[in-house]
Amino acid sequence: MTAGAVIGCGTISVVHLAAISSLDGADLAGVCDTDADRAAAAGREFGVPWFTDHAEMLATVRPQVVHICTPHDQHVPVAVDCLDAGVHVLVEKPVAATVAEAERLIEAADRHPGTKAGICLQNRYNVATTTARDLLATGELGAVRGGSATLLWHRGPEYYRARPWRGRRRESGGGVLINQAIHTLDLLEWLLGDVVDVRGHTGRYGLDGVVDVEDTASVLLDHAGGARSVLFATNTNVTDSPVTIEIVTESAVLRIHGDLTVTYVDGRTETRAERTVGTGLGKAYWGASHDLLIADFYRSLDRPEPFWIGPREGTRSLRLIDRIYRLDSDENR
Ligand SMILES: NC(=O)c1ccc[n+]([C@@H]2O[C@H](COP(=O)([O-])OP(=O)(O)OC[C@H]3O[C@@H](n4cnc5c(N)ncnc54)[C@H](O)[C@@H]3O)[C@@H](O)[C@H]2O)c1
């Protein structure tokens, strides 16, 4: 049995707690949150010891895997302590609030090659995205010409008032790009190829006076090989729509909107349905694949090679976001 533990017992922790509890070969051994009420509530619900200090939990419970579900600026300090203690870490996205912090995690992971570090970019496990990637890799669809993506979500003042760190750049590192659209940027690069140049703009249209981060962004990506893609992301939409990604190739157009639809040049259409949310606890717009990534991370513990979405891989999209933030602040100087 692999002993897992969760640090940060807030909104997303429910998905991790449920996944560990239902995973064959894994057992929840403890939970930790600096907020004693939240730690105690999770500890009581799952019948495990709870802590308010992660170092104390590591020393007492001695978990083999820790899931880090804390605010963005609390990912790396906690993850480095775990790696130094010889504990595998699965870190929620974004890998860190800043690239400098992410690099600190990369160094720590390099120092501990026998200890695994994974970043929770679960949308790479969606049926629609894996099918699209496999199809593109066959070469049957011809060269990729470009793509577009939209993330049209609703995050009102109540979302930020419930968890003020989400709207404070010092703790979150940013707004819609680093917190929501990071998955979409990661997928655009994963599906269309390495990004060689990025431009973009960010703004705050709906949340002035509530947050100091951007609620809207537009991004232009240049991919190796010449394809281009664009992303429009906003948290000011009136509702949460599924993320849309469209990829235009020489002989087909792939459309991910929950499900994947491929339309070929001869008019033929094929659809691959997405799974429904695995645990019943997640929100549809998070994607349905947390449980798949978590199960794969636990399976990877028996293999010698690093987990495939490690700190370096997880930092790719963060570097793009950092570049956009820097371009924006240069322009406003
Ligand atoms: N993969 C996804 O699709 C997805 C979806 C939602 C959230 N997330 C990520 O999950 C993380 C948590 O988000 P959330 O919405 O659950 O936040 P939250 O504020 O609801 O929960 C975070 C918890 O961490 C606790 N905490 C803060 N610092 C701590 C520390 N040093 N040690 C222990 N506990 C600490 C807080 O008290 C809080 O209970 C974020 O990185 C977020 O981006 C990922």
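Preceding this section is the structure that the text describes.
Criteria and thresholds
Residues numbered from 1 in each chain as written. Predicted model: local features only at pLDDT ≥ 70, side-chain atom pairs only at ≥ 80, totals over all residues. Heavy atoms only, no water. Helix = DSSP H or I, 4+ residues; strand = E, 2+ residues; numbered from the N terminus. Buried < 20%, exposed > 50% of the residue type's maximum accessible area, 1.4 Å probe, protein only. Pairing = 2+ DSSP bridges. Near = heavy atom within 4 Å. Polar contact = N/O pair within 3.5 Å; in protein donor to acceptor, adjacent residues only side chain to side chain. Areas by Shrake-Rupley, 256 points an atom, 1.4 Å probe, with all protein chains shown as cover. Nonpolar A, V, L, I, M, F, W, Y, C, P; charged D, E, K, R; others polar.

Regarding unusual backbone geometry
Argument step 1. Between K93 and the following residue, P94, the backbone shows a cis peptide bond with an omega angle of -15°.
Argument step 2. Within the secondary structure, P94 sits in the loop between β5 (88–92) and α5 (99–111).
Argument step 3. For R62, which is not a glycine, the phi torsion comes out positive at approximately 50°.
Argument step 4. Structurally, R62 can be placed in the loop between α3 (54–61) and β4 (65–68).
Argument step 5. Given the relative accessible area of 63%, R62 is considered exposed.

As for the pairing of β5
Argument step 1. For β5, the tally of buried residues reaches five of five residues, placing the bulk of the element in the interior.
Argument step 2. The alternating pattern of β5 places H88, L90 and E92 on one face and V89 and V91 on the opposite face, and all of these are buried.
Argument step 3. Of the pairings in the sheet, the one linking β4 to β5 comprises four bridges and is parallel in character. Looking across to β5, one finds that I68 is bridged to V91.
Argument step 4. Where β5 meets strand β6 (residues 117–120), four bridges bridge the pair, whose relative direction is parallel.

Section: the site of the ligand
Argument step 1. Around the ligand lies a shell of 26 residues, among which D33, R38, R163, W165 and R166 are the nearest.
Argument step 2. At 3.3 Å from an oxygen atom of the ligand is found a main-chain nitrogen or oxygen belonging to T70.
Argument step 3. With respect to the ligand, the side chain of H290 contributes an N or O atom lying 3.5 Å from a nitrogen atom.
Argument step 4. Alone, the ligand offers 860 Å² of accessible surface; in the complex the protein occludes 92% of this.
Argument step 5. Of the residues in the shell around the ligand, the class split is seven nonpolar, 12 polar and seven charged.

The values reported here are purely geometric and, on their own, carry no functional implication.
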